[in-house]
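# Tertiary structure, described
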Amino acid sequence: MAESSDTPGSTAQVKTTGVTEAVVPADGVNGGEATGDQVTGGEVTGGEVTGGEITGGSKPPSVAGRSCPVDYRYNPADIAATPAKAANVLYVIGGLYGNSEALKTVLSLLRFEREPVTLCFNGDFNWFNVASDRFRQINTTVQQYDAIRGNVETGLAERGTLTDCGCAYPDFVDDAVVSRSNQIIGALHQTALQHSDLQDWMRGLPRYRRYEVAGHSVAIVHGDPEALAGWGLCQETLDEPESRESIARWLAGTNASVIACTHTCLPFLYCAQSGAVINNGASGMPNFRNSLSGLLSRISHSPPPQQLQAIYGARHDELYIDAIPIPYAHAAWISEFNEQWAADSPAHLSYFDRLMGAIDYTTTHAVRWLSTDAKSGRHLRP
Ligand SMILES: [Fe+2]
């Protein structure tokens, strides 16, 4: 899990180039510790980071939650060399964050599809599910499908003490947010320790996957093609030339037409000449202004059924790339969240407003691309 800047969104008509907007959430530091199934407030000090790490920004490497452990690192060539699994319809579901209602809704969407769907949970499917039964239910359901581990699962698989969320937060994320993320992972880890079989499973999950859809290679990562918790595919820096150069290099290096990612909590679809990047934001939290739905990425040789109500999408040759809303039972999920996280808990302080729809990010922010050349086959569908 990586909490990005809280931004807004809507299901309004998609236009062309988006505008970067970053709003760091208001906060107040409060500790938290696990007490049974609900987490309450309390003083918790920051964790410590062990050696062998790479900093995510200019913050000192000793700050927990700011660093990227060496074993989070890999190369685009590693992804390109991974055997591809064939799929006609691929759902990429990142950032479920323990939302059981969103998980139920994702599975219910399958009835609208005309052919079998391959589901890939690309990390951070755990976060708010600190209650032992909820923890088990989320993970045993995800176990039935393809998955890769996010920084959350990588941390939860640790057998020893865990005090670092592994989010590799960049500088634009406030220290208090980072501190609370470390507290949340600490509480969740206490739950994970009660489920050693699930820890073993998480530890064995790959860090990336590759699929072949409509003759195109699709790379699935959690953060970016160089790091499990990398921020190289966050919307905040997407308009910077360096980011676009990185994307061009990563598309070439992974030999993929599409890279699907998550981790940074805000969605976007970016289309370049050589391919596309789609970040689904969060499948388990609201993503856009005036919407309480989660979001998944659908990549297929066929356009999405009308019932899925795709918010925006692009076509790359014969490949359809779409953002699909997940209209989960909001009241039921909020009730479940409140049963697990008290009002003064770190998760409540950091995320409750967003869970209630307080986000100022729109589809105009989310849709980015370099070219609108319809002749190239890379364009937004009307
Ligand atoms: Fe993450």
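Keep in mind that this is a model prediction, so the values were computed, not measured. (Residues numbered from 1 in each chain as written. Predicted model: local features only at pLDDT ≥ 70, side-chain atom pairs only at ≥ 80, totals over all residues.)

### What to know about the overall build of the protein
Counting its secondary structure elements, the protein contains 10 helices and 18 strands. The buried share among the 382 residues of the protein stands at 56%. Counting contacts in the protein only where the partners sit at least 6 residues apart, residues at least 24 apart contribute 75% of the total. (Helix = DSSP H or I, 4+ residues; strand = E, 2+ residues; numbered from the N terminus. Buried ≥ 20, exposed ≤ 12 C-beta atoms within 10 Å, placed from the backbone. Contact = placed C-beta atoms within 7 Å.)

### Focus on the nonpolar core
What tends to happen in soluble globular proteins is that the nonpolar side chains get buried as a cluster. If you look at the biggest cluster of nonpolar residues, it comprises 99 residues, and the most contacted ones within it are Leu-90, Val-218, Ile-220, Val-258, Ile-259 and Leu-269. Sorting elements by how many residues they give to this core places helix α5 (residues 175-192) first, with 7 residues. Residues in contact with Ile-259, not counting those within four places in the same chain, are Ala-219, Val-221, Pro-225, Trp-250, Leu-251, Thr-254 and Val-277. (Core = buried A, V, L, I, M, F, W, Y, C linked by C-beta atoms within 7 Å.)

### So, the environment of Val-177
Within the secondary structure layout, Val-177 lies in helix α5. Of the residues examined, Val-177 has 26 C-beta atoms within 10 Å and is grouped as buried. Linking Val-177 and Leu-349, residues 172 residues apart in sequence, is a C-alpha distance of 9.1 Å.

### Some thoughts on helix α3 (residues 132-142)
Counting along an α-helix, one turn takes 3.6 residues, and residues three or four places apart therefore face a common direction. Here α3 has its buried residues at Arg-134, Phe-135, Ile-138, Asn-139 and Val-142. Each buried residue of α3 sits inside an arc of 120° when the element is viewed along its axis, so together they form one side. Contacts made by the buried residues of α3 are with α2 (100-109), β7 (118-122), β8 (146-148), α5, α6 (196-204) and α8 (330-340). (Arc of directions from axis to C-beta.)

### Digging into the environment of Asn-255
Relative to the elements of secondary structure, Asn-255 occurs in the loop between α7 (241-254) and β11 (258-261). Taking the C-alpha atoms as reference points, Asn-255 and Pro-76, 179 residues apart in sequence, are found 8.3 Å from one another.

### Describing the pairing of strand β14 (residues 294-300)
Counted residue by residue, β14 has 7 buried out of 7 residues, so it is predominantly covered. Where burial is concerned, the two faces of β14 agree: the one with Gly-294, Leu-296, Arg-298 and Ser-300 and the one with Leu-295, Ser-297 and Ile-299 are both buried. Note that strand β6 (residues 89-92) and β14 share 4 bridges and pair antiparallel. What sits directly across from Val-92, in β14, is Ser-297. Direction of pairing for β14 relative to strand β16 (residues 319-326): antiparallel, over a ladder of 7 bridges. Counterpart to Ser-300 in the pairing with β16 is Tyr-320. (Pairing = 2+ DSSP bridges.)

### Details of the packing of α5 against helix α9 (residues 346-355)
Closest axis-to-axis distance for the α5/α9 pair is 8 Å, and the angle between their directions is 120°. Between α5 and α9, the angle is such that the two are oblique. Taken as a pair, α5 and α9 cross one another with a handedness that is left-handed. Judged by residue contacts, Val-177, Arg-180, Gln-183 and Ile-184 of α5 engage Pro-346, Ala-347, Leu-349 and Ser-350 from α9. Counted by class, the contact of α5 with α9 contains 5 nonpolar, 2 polar and 1 charged residues. (Axes fitted to C-alpha atoms, helices over the stretch in contact; angles between N-to-C directions. Parallel < 35°, antiparallel > 145°, perpendicular 65-115°, else oblique. Left-handed = near helix turned anticlockwise from the far one by under 90°. Nonpolar A, V, L, I, M, F, W, Y, C, P; charged D, E, K, R; others polar.)

### Some remarks on α5
Here α5 is 18 residues long and its end C-alpha atoms lie 25 Å apart, about the 26 Å a rise of 1.5 Å per residue gives. In terms of burial, α5 is a largely internal element, 15 of the 18 residues being buried. (Expected span 1.5 Å × (residues − 1).)

### Notes on the pairing of strand β12 (residues 268-272)
Each regular strand shows side chains that alternate between the opposite faces of the sheet. In terms of burial, β12 is largely enclosed, as 4 of its 5 residues are buried. Here β12 pairs with strand β13 (residues 275-279) via 5 bridges, running antiparallel. Bridge pairing in β13 links Leu-269 to Ile-278. Here β12 folds back onto β13, and the loop between the two strands holds 2 residues.

### Side note on the confidence of the model for the protein
Overall, the prediction assigns the protein a mean pLDDT of 82, with 78% of residues at 70 or greater. For the stretch residues 3-62, pLDDT sits under 50, and the model shows 178 contacts to residues farther than four places along the chain or on other chains. (pLDDT = per-residue confidence, 0-100.)

### So, unusual backbone geometry
Positive phi, normally seen in glycine, also occurs at His-263, with a value near 80°. Mapped onto the fold, His-263 is located in the loop between β11 and β12. On the basis of neighbour count, His-263 is assigned to the buried category, with 32 C-beta atoms found within 10 Å. Positive phi, normally seen in glycine, also occurs at Asp-317, with a value near 55°. Among the secondary structure elements, Asp-317 is positioned in the loop between β15 (312-316) and β16. Asp-317 sits in the partly exposed class, given 13 other C-beta atoms within 10 Å.

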